[in-house]
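Chain and residue survey
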Amino acid sequence: MDAADRISQLPEHLIHRILSFLPTPEVVRLTVLSKPWHQVFTSFPISEFSSSPFSANNSDRSFEFCTFVYNSLLRQCRQYRSIPRFKLSVSADLCRSHRYSVQRPLPPQIDELIIRCIEQVTQKGVKELSICFRTPVYYRLPEAMLSVTELAVCKLAGCLIEGNMNWPSLRVLSLKRVEICGRRIIDNLLFACPFIEELALIECNGIDYLHLSGLRKLKKVKVKGQFFSPIKKIEIDAVSLHTFSYSACFYAKTDIDLTSCKNLEVFKFKYCIITEDLVQHLNCNFPALKVLVLHGYIHDIQRFEISIPLLEKLKLSAPNLSAEEAVINAPRLRSFKCYMENIPPLISLNQTSLQEVSLKLSVDLIYGQHGEGFLEYFRENLENINQIRLVTLLITNNSSTIINKIVRKVSNPVLLGIRNLKLNTYIEGMRKEGLALVDDLFCICRPESLSLESGCGSNDEFMEILCKKLVDRVKHENYSADTQVKCWQRDLKGVKIEHLGRKGYWEAVTGHAFLDSLRTLESEQKIRFVFEW
């Protein structure tokens, strides 16, 4: 193959375009490749600055940070006619000696830096502006920032907005932990920014009623409530709306009116009270709905029914669902993910196009309701949903005891049809329970894969037990009829251990290498055991 460096031969503006999709730290790392690449970074017109590297020790390095940011920005302003993107993130750790107050939300040098930076990037026609403050007091935005004619993307966090925003070219607006002084500011936003396509309001104060209308290009709205300032009503009148996502705070009640949004395709409703009226409203008013996520507390529903013709993905998380019957009537449904403490006795699922079903169940709770009939009850539900691909089980100490108890009582257990099993185990300090759990699980199912996440519960301890069993397993030719617990070793032909690398690829490791690396395994590392039976 030709080993020539073709990327370096591209024109500089194309290289800058490619690098614009990477975070600035990644761009900096590329400077070690060669001198030309170092020059590419020094001429890179996109500015992203974070105070995190300056907050590593206990000293106050705010002046050093300000000098670095401003000098870097001045160099770019001299070299380029435009700066397409500017991002600034300031944390409280940077200014350890500063005494925060409403009158002085930031040290004077940081305040002056922000004003100068905004003046510079505004003159250079900045199109994407992101400013984030992780400080105890909201920072009041300077007037110069409220009027940037060419601004297309604006993301603000930890700020205070008092004046009217005049961004006629704005397409994307994200406000996170922002104090909004008065409803008139939102009303003015609709008038001054008519071309908004995406709007996100995350944990913002000062909004009790959100009414959006007249935005002909609005496609996506995301709202997350704030504990001290809950939103009482959301009303959106936009035929173009494609995606709506709302997360309440501690199941606060919020009235949602999207009746005019007939083209809505994605509806996500999280940490809310789910009523029968809401479900019927979804069934009757959104014929184009393709993705539905309901996560919350279901209030007094005897018969739970989802009937949406074009629905393709359904995620239902309702731990307290006590309906006697659940009906999912969606001919085009491809993915069904469900978490509940009790599966309704009658669950009907139209399976003409179903490709994936995920169930997340707590063994303890189901056993408490069905006793010794747990396995039979579980099997009946799997037969009703015969396209099962993934089951997530919550295995506590009590759960492992329950599974062992059931397996011991069944002389010849019929295998559950589970292809992919995902576990969260809580058996810390109980090695005997862990050893028994491995045998019991493989006695009731022969999964194609078993997935765990390091640092979650006692998954690390369980993985060590499982891996040692796999490494030390001995194939026996003859098994007596009463040794069902270890019969899985006879059926196992091979196993492959994989972990998800930083680049998103599954990387295989040997059993011995995995055991050696367990002590240094990073938290939230995804591990997968792939079995051949």
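The following paragraphs examine the structure supplied in this document. (Residues numbered from 1 in each chain as written. Predicted model: local features only at pLDDT ≥ 70, side-chain atom pairs only at ≥ 80, totals over all residues. Heavy atoms only, no water.)

Here's the deal with the overall build of the protein chain
From N to C terminus, the protein chain includes 14 helices and 28 strands. The buried share of the protein chain, reckoned over its 533 residues, is 47%. Excluding contacts between residues fewer than 6 apart, the proportion of contacts in the protein chain whose partners are at least 24 apart in sequence is 54%. When the accessible surface of the protein chain is summed, it comes to about 27000 Å², and 51% of that surface belongs to carbon and sulfur atoms. (Helix = DSSP H or I, 4+ residues; strand = E, 2+ residues; numbered from the N terminus. Buried < 20%, exposed > 50% of the residue type's maximum accessible area, 1.4 Å probe, protein only. Contact = heavy atoms within 4.5 Å. Areas by Shrake-Rupley, 256 points an atom, 1.4 Å probe, with all protein chains shown as cover.)

Some points on the nonpolar core
The biggest cluster of nonpolar side chains holds 93 residues, and the ones touching the most others in it are Leu156, Trp167, Ile236 and Phe267. Discounting chain neighbours no more than four positions away, the residues touching phenylalanine 267 are Phe244, Leu258, Leu278, Leu282, Leu289, Val291, Leu292, Val293 and Leu294. Among the nonpolar cores identified, the runner-up in size contains 25 residues, and Leu423, Leu466, Leu492 and Ile497 belong to it. (Core = buried A, V, L, I, M, F, W, Y, C linked by side-chain atoms within 4.5 Å.)

Some details on helix α4 (residues 62–79)
Taking 1.5 Å of rise per residue, 18 residues should cover 26 Å, and α4 covers 26 Å from first to last C-alpha, within 8% of that figure. Those residues of α4 not exposed but buried are Ser62, Phe65, Cys66, Val69, Tyr70, Ser72, Leu73, Gln76 and Cys77. End-on, the buried residues of α4 take up no more than an arc of 160°, which puts them together on one face. Exposed residues pointing more than 90 degrees away from the buried face of α4 are listed as Phe63 and Arg78. (Expected span 1.5 Å × (residues − 1). Arc of directions from axis to C-beta.)

Observations regarding the sheet that holds strand β6 (residues 159–161)
Read from one edge to the other, the open sheet built from three strands follows the order β4-β6-β8, with strand pairing classed as parallel. Strands at the two margins of the open sheet, each flanked by one partner only, are β4 (139–140) and β8 (179–180). (Pairing = 2+ DSSP bridges.)

Things to note about the sheet that holds strand β14 (residues 255–257)
Sheet architecture is open: three strands sit in the order β10-β12-β14, paired in parallel fashion. The sheet terminates laterally at β10 (209–213) and β14, the two strands that pair on one side only. Each neighbouring strand pair of the sheet contributes to a mean axis angle of 0°, computed without reference to strand direction. Bridge count between β10 and strand β12 (residues 233–237): five bridges; the pairing is parallel. Residue pairing for β12: leucine 212 is matched across the bridge by isoleucine 236. (Axes fitted to C-alpha atoms, helices over the stretch in contact; angles between N-to-C directions.)

What to know about the packing of aromatic side chains
By the definition in use, this model includes nine aromatic pairs. Residues tyrosine 246 and phenylalanine 269 carry aromatic rings whose centres are separated by 6.2 Å and whose planes lie at 35° to one another, so their mutual orientation is tilted. Residue tyrosine 246 is located in strand β13 (residues 243–247), and its partner phenylalanine 269 is located in strand β15 (residues 266–274); the two are separated by 23 residues in the primary sequence. On the basis of an interplanar angle of 35° and a centroid distance of 5.6 Å, the ring pair of phenylalanine 531 and tryptophan 533 is categorised as tilted. Among the aromatic residues, those joined into a ring-pair cluster are Phe244, Tyr246, Phe267 and Phe269. Positioned above the aromatic ring of tyrosine 70, the side-chain terminus of arginine 116 is 5.4 Å from the ring centre. (Phe/Tyr/Trp six-rings, centres within 6.5 Å; stacked < 30°, edge-to-face > 60°. Lys NZ or Arg CZ within 6 Å of the ring centre and 35° of its normal.)

A short note on the pattern of salt bridges
Scanning the model with the defined rule gives 12 salt bridges in all. Arginine 528 is the salt-bridge partner of glutamate 498, the closest N and O atoms lying 2.7 Å from each other. You can see glutamate 498 sitting in strand β26 (residues 494–500) and its partner arginine 528 sitting in strand β28 (residues 526–532), a full 30 residues away along the chain. Among the charged side chains, a network of salt bridges with common partners joins Lys496, Glu498 and Arg528. (Salt bridge = Lys/Arg side-chain N within 4 Å of Asp/Glu carboxyl O.)

Things to note about the packing of α4 against helix α5 (residues 108–123)
For any two helices packed against each other, the geometry comes down to the angle between their axes and how far apart the axes lie. Here α4 crosses α5 at 10°, and the two axes come no closer than 10 Å. One way to sum up the angle between α4 and α5 is to call them roughly parallel. The segment α4 lies against α5, with Ser62, Phe63, Phe65, Cys66, Val69, Tyr70, Leu73, Leu74 and Cys77 engaging Gln109, Ile110, Leu113, Arg116, Cys117, Gln120 and Val121. Its residues placed into classes, the contact of α4 with α5 shows 12 nonpolar, three polar and one charged. (Parallel < 35°, antiparallel > 145°, perpendicular 65-115°, else oblique. Nonpolar A, V, L, I, M, F, W, Y, C, P; charged D, E, K, R; others polar.)

Some words on helix α1 (residues 12–19)
Looking at α1, one finds that the buried residues are Ile15, His16 and Leu19. Buried residues of α1 fall within an arc of 100° about the axis and therefore sit on the same side. Those residues of α1 that are exposed and aimed more than 90 degrees away from the buried face are His13 and Arg17.

A word on a nonpolar patch on the surface
Side chains of Ile7, Leu10, Leu14 and Ile18 sit close together on the surface and give an oily, nonpolar patch of about 320 Å² of accessible area. Here leucine 10 is to be found in the segment before α1. By relative accessible area, leucine 10 is classed as partly exposed at 32%. (Patch = residues over 30% accessible without salt bridge, like charges linked within 9 Å, V, L, I, M, F, W, Y side chains within 5 Å.)

Let's talk about a positive patch on the surface
Taken together, the side chains of Lys87, Arg134, Lys155, Lys176, Lys220 and Lys222 present a region of like positive charge at the surface. When its relative accessible area of 38% is taken as the criterion, lysine 155 is described as partly exposed. (Lys, Arg positive; Asp, Glu negative; His and termini not counted. Charge placed at Lys NZ, Arg CZ, Asp CG, Glu CD.)

Considerations on the side chain of serine 245
Within the secondary structure, serine 245 sits in strand β13. Apart from the residues within four sequence positions on either side, serine 245 is in contact with Val221, Lys222, Val223 and Lys268.

Some words on the side chain of serine 317
Checked against the element boundaries, serine 317 lands in strand β18 (residues 313–317). Its relative accessible area of 9% is what places serine 317 among the buried residues. Ignoring anything within four residues of it in the chain, the contact list for serine 317 reads Leu294, His295, Gly296 and Tyr339.

Some thoughts on unusual backbone geometry
Here the phi dihedral of arginine 177 falls at roughly 50°; this positive angle occurs in a residue that is not glycine. Mapped onto the elements, arginine 177 comes out in the loop between β7 (172–176) and β8. Taking the relative accessible area as the measure of exposure, arginine 177 reaches 29% and is therefore partly exposed. Even without being a glycine, glutamate 524 presents a positive backbone phi close to 65°.

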